[in-house]
Structures are given as structure tokens and as C-alpha cells.
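# Tertiary structure, described
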Amino acid sequence: ATTTTTTTTSTTATTTTNTSDHYQTQNDEYVEQNVNAMVGDVNLFISPLEQDDDEDTEHEEERVQAELDIMIAEASVRRLGLGKEASCLMMLYGARKLNVERYFVKIKEDNVASRKLFENQMSFVECNYAACFGEYELELRKPTAEAMVETVLSLLDNRDWESWQSQLSGTEK
């Protein structure tokens, strides 16, 4: 009986190893086939939102803010709306799932394109300038996460999918 149990255990371990190797091989193939599809990244850094003295103090839940960090690394796909789209989708997730009421970005003073994106297309306003770092802080603040969801949805409604897709594929319409 002991030998049978040992054999069964050994067989199970071998099967698990083979399954793991198979999964890793499939995963490696997937990554190799799709690595060129990644053009950048977007991140949220969550923190508590400090209450201003003039704000209503009757919030039952902890208030949340998030620093939004976006990078379109692939130069050939910049200025196609990917940064705005990725930012809005991440902001929508943050507002719906994490109750984010305030988003802020930190932009180097020489990054004019990012300032235009956040100020002109996404309704962020300047709230701070750190001369020692040479960067602006812009924010989008709403009284509730629900209000933030509505704002972000309105930003997404203005997208032009056909134009974006044709520019990305190189077939202008």
C-alpha cells in the first residue's frame, strides 16, 4: 500500500510539473506573439484624500485620491488618443471600484503635450507647481466618486474610434 501511495504521489507531482511547464510554454508563446502590441502603461497610486476645511465633514467612508501616471513609450503611436483613452479607462475603474474622488498628475514643465492633454482634453486644472522638481501638478476633483464616473464617461463619449483605429493601423479614412 505504501508503494502505491508513493507512486501515485510521484505521478501526481510529475503531472503537475508537466502542466506547469506546458502553461509556461503557452504563456511564453503568448508574450512573444503580443509583446509588440504594448505601447506604454498607465498606473494609479492610491492614497487617502485629505479633507479641506471648507468641505462637508459627513463622509462616512474614507475619501480616496489617486495619482495617475501614463506613458506612451512607442513614439509611432503618440498623439493618436491612446493616452487619453487609457487614462480615462483607468480613471473610470478607479472611480467605480475604488471610489476615487480626486485624480492628480505630475508633469515636467517641458512636457507640453501632456499638459495640453490633461488641461485641454480632460479638464484637469493646475493646483501646484514644484519649482525644485520643475513639474506641475494638475488635478481633476469631484465631490463624490459617482460624480467622477459621470465626468469620465463624458470624456469617453467624445472619442472618435474609427479615426483612432485607422491611424493606428496606418489606413487613414
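Given the structure is predicted, the values throughout are model-derived calculations rather than measurements.

For the rest of this paragraph, the subject is the overall build of the chain. The helix and strand tally for the chain stands at five helices and five strands. Its helices and strands taken in sequence order, the chain reads α-β-β-α-β-α-β-β-α-α from the N to the C terminus. Pairs at least 24 residues apart make up 64% of the contacts formed inside the chain by residues separated by at least 6 positions. Counting only carbon and sulfur atoms, one obtains 49% of the accessible surface of the chain, whose full area is about 11,800 Å².

What follows concerns the pairing of strand β4 (residues 125-130). Pairing between β4 and strand β5 (residues 135-141): five bridges, direction antiparallel. Residue pairing for β5: N128 is matched across the bridge by E137. Turn length for the β4-β5 hairpin, with the two strands adjacent in sequence and antiparallel, is four residues, and the turn residue G134 shows positive phi of about 65 degrees.

Read across the open sheet, the five strands follow the order β1-β2-β3-β5-β4; overall the sheet is mixed. For this open sheet the edge positions go to β1 (40-48) and β4, each flanked by a neighbour on one side alone. Strand-to-strand twist in this sheet, taken as the mean axis angle between neighbours without regard to direction, amounts to 25 degrees. Across seven bridges, strand β3 (residues 100-108) lies against β5 in antiparallel orientation. Looking across to β5, one finds that K108 is bridged to E135. Running at roughly 155 degrees to strand β2 (residues 64-72), helix α2 (residues 82-98) makes contact with β1, β2, β3 and β5 of the sheet.

Our focus in this paragraph is the environment of G40. Looking at the secondary structure, you find G40 in strand β1. Separated by 42 residues in the primary sequence, G40 and L82 have C-alpha atoms spaced 9.2 Å apart.

Looking now at the pattern of salt bridges. Evaluated as defined, the whole model comprises seven salt bridges. Residue R115 is joined to E126 by a salt bridge in which the shortest nitrogen-to-oxygen separation is 3.4 Å. Of this pair, R115 sits in helix α3 (residues 112-121) while E126 sits in strand β4, placing them eleven residues apart in sequence. Given a relative accessible area of 17%, R115 falls into the buried group. The exposure class assigned to E126 is partly exposed, which follows from its relative accessible area of 42%. We note a salt bridge from E139 to R141, for which the minimum N-O separation is 3.4 Å. According to the relative accessible area criterion, E139 is buried, its value standing at 14%. Here the salt bridges share partners, and the residues they tie into one network are R102, E137, E139 and R141.

The rules behind the values
Residues numbered from 1 in each chain as written. Predicted model: local features only at pLDDT ≥ 70, side-chain atom pairs only at ≥ 80, totals over all residues. Heavy atoms only, no water. Helix = DSSP H or I, 4+ residues; strand = E, 2+ residues; numbered from the N terminus. Contact = heavy atoms within 4.5 Å. Areas by Shrake-Rupley, 256 points an atom, 1.4 Å probe, with all protein chains shown as cover. Pairing = 2+ DSSP bridges. Axes fitted to C-alpha atoms, helices over the stretch in contact; angles between N-to-C directions. Salt bridge = Lys/Arg side-chain N within 4 Å of Asp/Glu carboxyl O. Buried < 20%, exposed > 50% of the residue type's maximum accessible area, 1.4 Å probe, protein only.

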